[in-house]
Amino acid sequence: MQKKWILLGIAFFLISSLGLVPLAQGVDFSGETIKWIIPFGVGGGSDVWARLYAPFFQKYLPGKPTVAVQNMPGGGSITGGNYFHTRVKADGLTAFGSSGSTSFPYLLGVSQVKYDFAKYHIVFASPTGGVAYIKPEFGVKSPKDLKGFKEKLAYASQGATSLDLIPLLSFEMLGLDVKAVFGYKGRGPGRVAFEQGETNIDYQTTTAFTKNVRPLIDQGLAVPLMTWGILDDKGNVVRDPVEPEFPCFPEAYEMVYGKKPSGSAWKAWKAFFVAGFGVQKAMWLPEKTSPEIVEAYRSAAAEIVADPEFQKMVKKSLGGYPQLVGQEARQAFNEVLSVPLESKQWVLKWLKERFDVTVK
Amino acid sequence: MDAALKSLGVIFDPSHFLMLILGVLVGLSIGILPGLGGIVGMSILLPIIYGMDPHTAFALLIGMVAVIPTSDTFPSVMMGIPGSSASQATIMDGYPLAKKGEAARALGAAFTVSLMGGLFGAAVLSVIVPIARPIVLAFGSPELFMLALLGLSMVGVLSGKRPIKGVLAAGIGLMIGALGDAPAVPEYRYTFGIDYLMDGIPLVIVGLGLFAFPEIVDLLIKGKAISEVATLGKGWLDGVKDALRHKFIILRCSMIGVIVGFLPGLGGSVVDWIAYGHVIQTTRDRENFGKGDIRGVIAPESANNAKEGGGLIPTLLFGIPGSGSMAVFLGGLLILGIQPGPAMVTENVDLLYTAIWSLALANVFGAGLCIFLSKPITRLTVIPFTYLAPFMILIITLASYQASRGWGDLIALLVMGILGWVMKQYGWPRPAALIGYVLSDNIETYLFISVQRYGLTWITRRGVIILALIIIASLVMGAFWQHKKAPRTGEDYAE
């Protein structure tokens with residue numbers, strides 16, 4: 001799996017460097033400073049992601065410019081997104097880094113959102129994965145045992161419109177009676193709540209899962225259920241390459257119902273899954289950026305992904321998922337942009353009925 | 001033990017050692033600048049740790065964060081301006097001492113106890129790690145709610161003779177804390193369509209507005225120097241002696257510091273107030289608090305340095321940060337490719353010891369350098385304030401602007417400053433308002449979670465009942481000893 005992606009990356013790099021060199025030649029960032037706006041605070045997941053990438057862009061962008069991460073936290077990333085939309089010049093000297101928390105309000109149609117991903121140029125995207133697990137006392141060993149499962153469960157959540165929408169929707173689609181307890185400040189406190197017994201079903205990103213939940217599983221304090229999965233190059237949700245021994249959500253669904261998931265709920269699940277996990281973080285350039293500049297960025301990203309030093313770091317710090325570059329990223333993000341209106345409305349209705357949350 | 005000695009060797013390796021010193025110097029500078037704290041320090045250092053080996057990066061980051069609560073005492077004592085959120089309570093008695101010309105004494109005592117508190121924190125960190133997990137896990141949301149209430153109960157003792165005003169001021173603080181996004185539901189409160197208010201008013205601005213702004217205004221009105229006597233009195237050696245005389249206060253407050261740091265979610269910004277409230281509560285001769293009682297400096301200063309040792313525990317073991325600066329440190333760990341978790345005590349135990357040694361050594365260097373610097377710096381208190389004021393105004397404006405880098409920061413500083421000045425004029429206890437503000441998010445979040453999860457049965461949990469008894473005892477103790485004293489004259493220690 002990994003190899004295939006790397007090869008694809010290299011292939012992409014070769015093609016782009018052969019075919020597009022004349023185009024990219026006009027672009028030179030020598031002596032310039034490129035600002036990369038991250039709409040979150042220092043030390044958060046998106047900030048770390050950008051800071052890991054920044055030195056590599058410095059190395060591979062034409063002219064070796066300085067790449068500075070600029071944090072612009074506020075309004076759950078809406079402030080930074082709006083700033084990018086309204087105030088940034090399309091000269092290639094300012095880029096934007098979005099996260100699932102930026103895409104969700106966009107998908108849900110939150111009124112403060114002014115940014116519009118349909119207009120921007122995506123440079124690359126980074127997926128991430130999640131693993132759900134449950135307390136052992138229910139005797140559940142795999143998703144099969146969830147068929148007809150009637151126990152009341154509790155899940156520690158940051159909020160129904162946060163990335164938790166995916167776990168909550170997954171539990172709902174599997175027919176579980178899960179009470180969402182809101183107010184936890186993140187997945188870390190959520191995991192501690194699970195360990196304390198305050199909740200009894202939880203999920204972690206795969207990196208946190210490996211370090212923090214694996215030991216619990218070994219001690220018999222947690223049972224792994226499923227991963228959310230990962231998007232393959234045909235747009236299907238397949239097994240997570242980092243935790244391949246667990247079924248992914250569509251498989252778990254099939255184990256419970258004996259058929260593949262379909263319908264409005266599934267369409268909504270997939271759209272939000274792609275926005276929240278499949279292409280969780282992405283780098284963007286403004287609407288009017290010239291094709292040469294966009295191409296310069298995309299080829300730099302392709303070179304970065306092929307850099308062995310970068311690959312080592314991806315494994316260590318970004319969960320080891322294949323990074324999507326240029327058209328690949330565009331194609332994956334299309335899943336987010338082309339969400340049918342009825343799926344959006346389905347989610348809004350579900351949020352209202354299930355959690356009494358109205359999106360304004 | 002082997003790992004401990006090996007890590008000590010690593011720390012004294014020249015390249016690591018230089019990084020530790022660099023971290024200490026950055027930390028001291030940030031501490032001295034009012035309003036800037038660990039979050040800013042971490043944000044400055046984070047970009048440069050990329051590609052470092054984890055031991056070196058630990059020496060740098062922990063060296064920095066360890067000494068902020070040491071040097072942030074300078075502005076708190078000498079100008080009545082909080083050097084960082086960890087030294088707000090130090091103002092209460094440190095600043096009156098400076099007015100009496102005893103700034104050097106207050107600083108000497110503060111640095112001595114900072115050192116001891118810091119070493120205590122490092123020592124606790126080294127022994128408690130194996131048993132830390134069950135303790136952290138014993139505190140669920142209902143218990144954390146009760147702890148926040150315990151913090152809030154300090155308002156009583158900090159408001160002295162004006163309990164009603166104290167409670168109302170705390171209420172104002174809670175309301176300021178409620179502005180912006182609600183902690184548990186996707187709603188924004190009292191934002192009036194202003195984007196700036198969506199995230200609430202930042203702590204730096206509330207702290208500087210309530211404490212620094214009114215002080216600058218009043219000093220300018222008086223037009224004199226900070227020190228009311230022309231010659232500087234007792235020196236820093238007297239302060240050291242004061243500190244040694246009160247070793248039990250240091251011990252108790254260091255323990256408070258470690259516990260508050262250790263429990264995730266309570267937040268480091270109340271530790272100084274809890275320690276300060278505690279020392280008043282447990283002291284019979286209280287009439288000098290607020291007028292320059294050296295114990296009022298010793299208590300918060302020993303607690304705030306001890307806190308950093310405690311704060312590393314949930315960060316490294318659970319990946320849940322106990323304070324804002326620890327949240328950024330956590331990001332740093334990820335940049336280094338380290339996932340915090342139980343493995344920190346097994347496969348990464350050498351890193352843990354590097355953290356402990358860095359913490360201990362940084363405290364020694366930090367306190368030493370501060371004592372060395374205190375003599376020339378205390379001279380500032382005899383300069384007429386009109387010369388200092390422009391500089392101070394510039395600094396607090398810059399520090400506020402650092403919060404979210406928008407115009408809103410400056411407007412919010414002005415509004416908070418006017419509120420603080422009015423409160424000061426009319427004798428409303430500002431510490432009470434600040435405590436309310438700092439705890440409002442915790443109180444709301446944990447109560448909300450407790451009720452959602454357990455209905456009303458959370459009240460019957462054993463931990464909740466024990467904490468309730470402690471709160472009652474602390475309130476009774478505070479009230480009882482207060483009544484036994486003859487009515488005080490002059491200014492209250494609250495203001």
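Provided above is the structure to which this section pertains.
Quantities reported herein were computed from a predicted structural model and do not represent experimental measurements.

Scoring rules and cut-offs
Sequence order as written defines residue numbering, which begins from 1 separately in each chain. The order in which chains are written sets their letters, starting at A; the order in which ligands are written sets their numbers, starting at 1. Only residues with pLDDT of at least 70 are given local features in this predicted model, and only at 80 or more are side-chain atom pairs given and counted; all residues enter the totals for whole chains, interfaces and linings. No hydrogens and no water enter the side-chain calculation; it runs on all heavy atoms of the structure. Numbering of helices and strands starts at the N terminus; helices are DSSP runs of H or I of at least 4 residues and strands are runs of E of at least 2. Only the C-alpha atoms count toward the radius of gyration. The rule for a globule is 2.2 Å times the residue count to the power 0.38. Per-residue accessibility, obtained with a 1.4 Å probe over protein chains only, is compared with the maximum for each type, and a residue is labelled buried under 20%, exposed over 50%, and partly exposed between these values. A contact between two residues is defined here by any heavy atoms of the two lying within 4.5 Å. Method for areas: the Shrake-Rupley scheme with a 1.4 Å probe, in which residue coverage is limited to the protein chains shown. In this tally, Asp and Glu contribute negative charge and Lys and Arg positive charge; neither His nor the terminal groups of the chain are included. All charge positions are set by atom: Lys at NZ, Arg at CZ, Asp at CG, Glu at CD. Salt bridges are defined by distance alone: a side-chain nitrogen of Lys or Arg within 4 Å of a carboxyl oxygen of Asp or Glu. Here a polar contact is taken to be a pair of N or O atoms separated by no more than 3.5 Å, where protein atoms must pair a possible hydrogen donor with a possible acceptor and residues adjacent in sequence count only if both atoms sit in side chains. Each residue is assigned to one of three groups, with Ala, Val, Leu, Ile, Met, Phe, Trp, Tyr, Cys and Pro labelled nonpolar, Asp, Glu, Lys and Arg labelled charged, and all others, Gly among them, labelled polar. Any two of the Phe, Tyr and Trp rings considered here, Trp counted by its six-membered ring, make a pair once their centres fall within 6.5 Å; the pair's planes then place it as stacked at under 30 degrees, edge-to-face at over 60, or tilted in between. Either the NZ atom of lysine or the CZ atom of arginine qualifies as a charge over a ring when it sits within 6 Å of the ring centre and within 35 degrees of the ring normal. We treat two strands as partners when DSSP finds at least two bridges between them.

K.L.:
Outline the overall build of chain A, supporting the account with residue identities and numerical values.
P.N.:
Along chain A, the regular secondary structure elements total 13 helices and 13 strands. Against the globule reference of 21 Å for 360 residues, chain A gives a C-alpha radius of gyration of 20 Å, in line with a compact fold. Each principal axis of the C-alpha atoms in chain A carries an extent, and together these give about 65 × 40 × 35 Å. By the burial criterion, 59% of the 360 residues in chain A qualify as buried. Considering only contacts in chain A between residues 6 or more positions apart, those separated by 24 or more positions represent 77%. Only carbon and sulfur atoms are counted for the fraction: they give 55% of the accessible area of chain A, which is about 13,800 Å². Averaging the locations of the 40 positively and 33 negatively charged side chains of chain A gives two centres separated by 2 Å.

K.L.:
Report on the overall build of chain B, specifying residues and quantitative values.
P.N.:
Secondary structure assignment for chain B yields 20 helices and two strands. In terms of C-alpha radius of gyration, chain B reaches 21 Å, essentially the compact-globule figure of 23 Å for 495 residues. Taken across its 495 residues, chain B has 61% of its residues classed as buried. Sequence separation of at least 24 residues holds for 80% of the intrachain contacts in chain B that already meet a minimum separation of 6.

K.L.:
Summarise the side chain of A:Thr102; cite the residues concerned and give the values.
P.N.:
With respect to the helices, strands and loops of the structure, A:Thr102 is situated in helix α4 (residues 100–108). Under the relative-accessibility criterion, A:Thr102 is labelled buried at 0%.

K.L.:
Go over the interface of chain A and chain B, please, and point to the residues and values.
P.N.:
Residue-level contacts link 41 residues of chain A with 42 residues of chain B. Viewed at the interface, chain B and chain A are joined by two salt bridges. At the surface where chain A touches chain B, the tally comes to 10 residue pairs in polar contact (both at pLDDT 80 or more). In terms of residue class, the side of chain A that touches chain B is built from 16 nonpolar, 15 polar and 10 charged.

K.L.:
Tell me about the packing of aromatic side chains, and name the residues and values.
P.N.:
Residues and elements named next belong to chain A. For the structure on display, the rule yields 50 aromatic pairs over all chains. With 6.5 Å between their ring centres and 25 degrees between their planes, Phe249 and Trp266 make a pair best called stacked. Of this pair, Phe249 sits in helix α8 (residues 249–257) while Trp266 sits in helix α9 (residues 263–278), and the two are 17 residues apart along the sequence. For the pair Phe249 and Trp266, one class covers both residues: buried. Each member of the aromatic cluster is reached from another via a ring pair, and the members are Phe29, Trp36, Trp49, Tyr53, Phe56, Phe57, Phe124, Tyr297 and Phe310. Sitting over the face of the ring of Phe194, Lys135 holds its NZ or CZ atom 4.7 Å from the ring centroid.

K.L.:
Got a sec to walk through the pairing of strand β5 (residues 130–134) of chain A? Specific residues and values, please.
P.N.:
Residues and elements named next belong to chain A. Extensive coverage of β5 is indicated by the burial of five of its five residues. Of the two faces of β5, the one holding Gly130, Ala132 and Ile134 and the one holding Val131 and Tyr133 are both buried throughout. Across five bridges, β5 lies against strand β8 (residues 201–205) in antiparallel orientation. When the sheet's bridge partners are listed, Tyr133 is paired in β8 with Asp202. Across four bridges, the pairing between β5 and strand β9 (residues 223–227) is antiparallel.

K.L.:
Account for unusual backbone geometry, with residues named and values stated.
P.N.:
Negative phi characterises most residues that are not glycine, and trans characterises most peptide bonds. Of note, the phi angle at A:Lys64 is positive, near 45 degrees, even though the residue is not glycine. The exposed category is assigned to A:Lys64, whose relative accessible area is 58%. Not every positive phi belongs to a glycine, and B:Phe192 is a case in point at roughly 50 degrees. Secondary-structure assignment places B:Phe192 in the loop between β2 (188–189) and α10 (203–222). The class of B:Phe192 is exposed, set by a relative accessible area of 66%.

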